[in-house]
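In case you want the letters, here they are:
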Amino acid sequence: MTPAQLADEIRVRAQGRGRFITAVAGAPGAGKSTLAADVVAELGAGARLVPMDGFHLDNAVLDARGHRSRKGAPHTFDATGFVALMARLRAGGEVAIP
């Protein structure tokens with residue numbers, strides 16, 4: 001499926017639903033960020049990209065846990081914070097994103 005086809009599918013599923021959130025998941029280096037950027041470009045002015053990069057745990061926290069060498073692995077993110085952000089986005093209104 002191309003980014004244009006995926007954007008079309010999102011439009012169909014989002015019809016009449018207000019703010020619509022779509023997530024992209026995959027292994028590191030798989031092209032998630034590139035795909036997401038391409039889909040947002042296809043969707044146009046109303047679409048926004050919300051990366052998880054702002055949710056990396058602080059290096060000091062990763063050092064204390066011995067996980068800094070694995071930064072980017074699922075356990076090195078503030079997943080709870082990201083889920084809270086998704087809830088705020090779903091609720092609507094203005095949301096600040098790290």
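As the structure is a computational prediction, the values presented were derived from the model and not from experiment.

About the criteria used
- Residues numbered from 1 in each chain as written.
- Predicted model: local features only at pLDDT ≥ 70, side-chain atom pairs only at ≥ 80, totals over all residues.
- Heavy atoms only, no water.
- Helix = DSSP H or I, 4+ residues; strand = E, 2+ residues; numbered from the N terminus.
- Contact = heavy atoms within 4.5 Å.
- Areas by Shrake-Rupley, 256 points an atom, 1.4 Å probe, with all protein chains shown as cover.
- Lys, Arg positive; Asp, Glu negative; His and termini not counted.
- Charge placed at Lys NZ, Arg CZ, Asp CG, Glu CD.
- Core = buried A, V, L, I, M, F, W, Y, C linked by side-chain atoms within 4.5 Å.
- Buried < 20%, exposed > 50% of the residue type's maximum accessible area, 1.4 Å probe, protein only.
- Polar contact = N/O pair within 3.5 Å; in protein donor to acceptor, adjacent residues only side chain to side chain.

Draft legend 1. Seen up close, the overall build of the protein chain. If you tally the helices and strands in the protein chain, you get four helices and zero strands. Overall, the protein chain shows an N-to-C arrangement of helices and strands of α-α-α-α. In terms of principal-axis extent, the alpha carbons of the protein chain reach across some 45 × 30 × 20 Å. Sequence-distant contacts in the protein chain: of pairs separated by 6 or more residues, those separated by 24 or more amount to 45%. Counting every atom, the protein chain has about 7,000 Å² of accessible surface; 54% of that belongs to carbon and sulfur. Averaging the coordinates of the 12 positive side-chain charges in the protein chain and doing the same for the 9 negative ones gives two points 5 Å apart.

Draft legend 2. How the structure looks around the nonpolar core. One finds Phe55, Phe77, Phe82, Leu85, Met86, Leu89 and Val95 forming the largest nonpolar core, which totals seven residues. Aside from chain neighbours lying at most four places away, what touches phenylalanine 82 is Val50, Pro51, Met52 and Phe55.

Draft legend 3. Just the environment of alanine 7, in detail. Relative to the helices and strands, alanine 7 resides in helix α1 (residues 3–14). Considering only alpha carbons, one finds alanine 7 and leucine 35, 28 residues apart in sequence, at a separation of 11 Å. Those residues in contact with alanine 7, other than ones at most four positions away along the chain, are Val39, Glu42 and Leu43.

Draft legend 4. Inspection of the side chain of threonine 76 at higher detail. Here threonine 76 lies in the loop between α3 (59–65) and α4 (79–91). The class of threonine 76 is buried, set by a relative accessible area of 0%. In this structure the side chain of threonine 76 is engaged in a polar contact, spanning 2.8 Å, whose partner is the backbone nitrogen of glycine 72. Apart from residues no more than four positions distant in its own chain, threonine 76 is found in contact with Phe55, His56, Leu57, Leu62, His67, Arg70 and Lys71.

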